[in-house]
Amino acid sequence: MFPRIVRRETSPRTNCALIVDEADQFSSREASLPYPEGYNQFGRLVKQGREFGIFVAVGLSFLEQCSRFIASNMSYHIILNQSDPASVEEAARTLLQPDARQLIASLDCGEAVYKEAMGPARHGMLIVTDHVPPATMARPDKFD
């Protein structure tokens, strides 16, 4: 894909996906400090990647430490339970719902709040997945 990026050949569809879990060190505010434009190469990928057909999914442990540049350039946010108060506050700010702090701090396993930056719904939506607790995985008869 690099030659296409150099030639500025954009793409209207997703050609590849990059999924980075535990991306805190790449997306932190401190990682962007040495760059005069305020974002590092990872931030550049997040901002410009979709233009070239690159979908970037980022998993973070502490939302509060994420660069505002990176967080604001994400098209989709899926916010799970946040354990520290600063991350709960940042999650509510990211969702543009200051009153969501209690909800975010009380989410159970398999629950999250989903929001599209440019989507039809202006507010975050509660999503629930089919989370199977580890204790029940050893007993498939529980699901008969």
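Draft legend 1. Looking closely at the pattern of salt bridges. With the rule as written, the count across this model stands at six salt bridges. With its nearest N and O atoms 3.2 Å apart, the salt bridge here joins Glu-90 to Arg-68. Linking Glu-90 in helix H6 (residues 85-94) with Arg-68 in helix H5 (residues 68-72), this pair joins segments that are 22 residues apart in sequence. You can call Glu-90 buried: its relative accessible area is 6%. A relative accessible area of 48% places Arg-68 in the partly exposed class. Between Glu-90 and Arg-93 there is a salt bridge; the shortest N-O distance is 2.4 Å.

Draft legend 2. Seen up close, unusual backbone geometry. Notably, Glu-22 is not glycine yet its phi reads approximately 55°, a positive angle. Inspection of the secondary structure assignment puts Glu-22 in the loop between strand E1 (16-20) and helix H2 (24-27). Residue classification places Glu-22 among the exposed positions, given a relative accessible area of 51%. Here the phi dihedral of Leu-96 falls at roughly 60°; this positive angle occurs in a residue that is not glycine. Along the chain, the position of Leu-96 falls in the loop between H6 and helix H7 (101-105).

Draft legend 3. Examining the sheet that holds strand E3 (residues 76-79) more closely. Strands sit in the order E3-E4-E5 across an open sheet of three strands; the sheet is antiparallel. The open sheet has two free edges, formed respectively by E3 and strand E5 (125-128), since each of these has just one partner strand. Put simply, the sheet's adjacent strands are angled 30° from each other on average, direction ignored.

Draft legend 4. Broad picture of H6. Of all the positions in H6, only Ser-87, Val-88, Glu-90, Ala-91, Ala-92 and Thr-94 are classed as buried. Contacts made by the buried residues of H6 are with helix H3 (29-32), H5, E3 and H7. Just beyond H6, the residue with positive phi is Leu-96, at close to 60°.

Draft legend 5. Up close: the nonpolar core. With 19 residues, the main nonpolar core has Val-46, Ile-70, Ile-79 and Ile-104 as its most contacted residues. Put simply, the parts of the chain that give this core at least two residues each are helix H4 (41-48), strand E2 (54-58), H5 and H6. Setting aside chain neighbours within four positions, we find Ile-70 in contact with Phe-26, Ser-27, Asn-40, Phe-42, Gly-43 and Val-46.

Draft legend 6. Molecular detail of the packing of aromatic side chains. For the structure shown, the criterion picks out three aromatic pairs. When the ring of Tyr-76 is compared with that of Tyr-114, the centres are 6.5 Å apart and the planes differ by 10°; the resulting orientation is stacked. Taken together, the residues Tyr-76 in strand E3 and Tyr-114 in strand E4 (residues 111-116) connect sequence positions 38 residues apart.

Draft legend 7. Structural detail: a nonpolar patch on the surface. A contiguous nonpolar surface patch, about 280 Å² in accessible area, is contributed by Leu-103, Leu-126 and Val-128. As for its position among the elements, Leu-126 is in strand E5. Exposure remark for Leu-126: the relative accessible area of 51% places this residue in the exposed category.

Cut-offs used in this document
Residues numbered from 1 in each chain as written. Predicted model: local features only at pLDDT ≥ 70, side-chain atom pairs only at ≥ 80, totals over all residues. Heavy atoms only, no water. Salt bridge = Lys/Arg side-chain N within 4 Å of Asp/Glu carboxyl O. Helix = DSSP H or I, 4+ residues; strand = E, 2+ residues; numbered from the N terminus. Buried < 20%, exposed > 50% of the residue type's maximum accessible area, 1.4 Å probe, protein only. Pairing = 2+ DSSP bridges. Axes fitted to C-alpha atoms, helices over the stretch in contact; angles between N-to-C directions. Contact = heavy atoms within 4.5 Å. Core = buried A, V, L, I, M, F, W, Y, C linked by side-chain atoms within 4.5 Å. Phe/Tyr/Trp six-rings, centres within 6.5 Å; stacked < 30°, edge-to-face > 60°. Patch = residues over 30% accessible without salt bridge, like charges linked within 9 Å, V, L, I, M, F, W, Y side chains within 5 Å. Areas by Shrake-Rupley, 256 points an atom, 1.4 Å probe, with all protein chains shown as cover.

Just distances and angles here, no functional claims.
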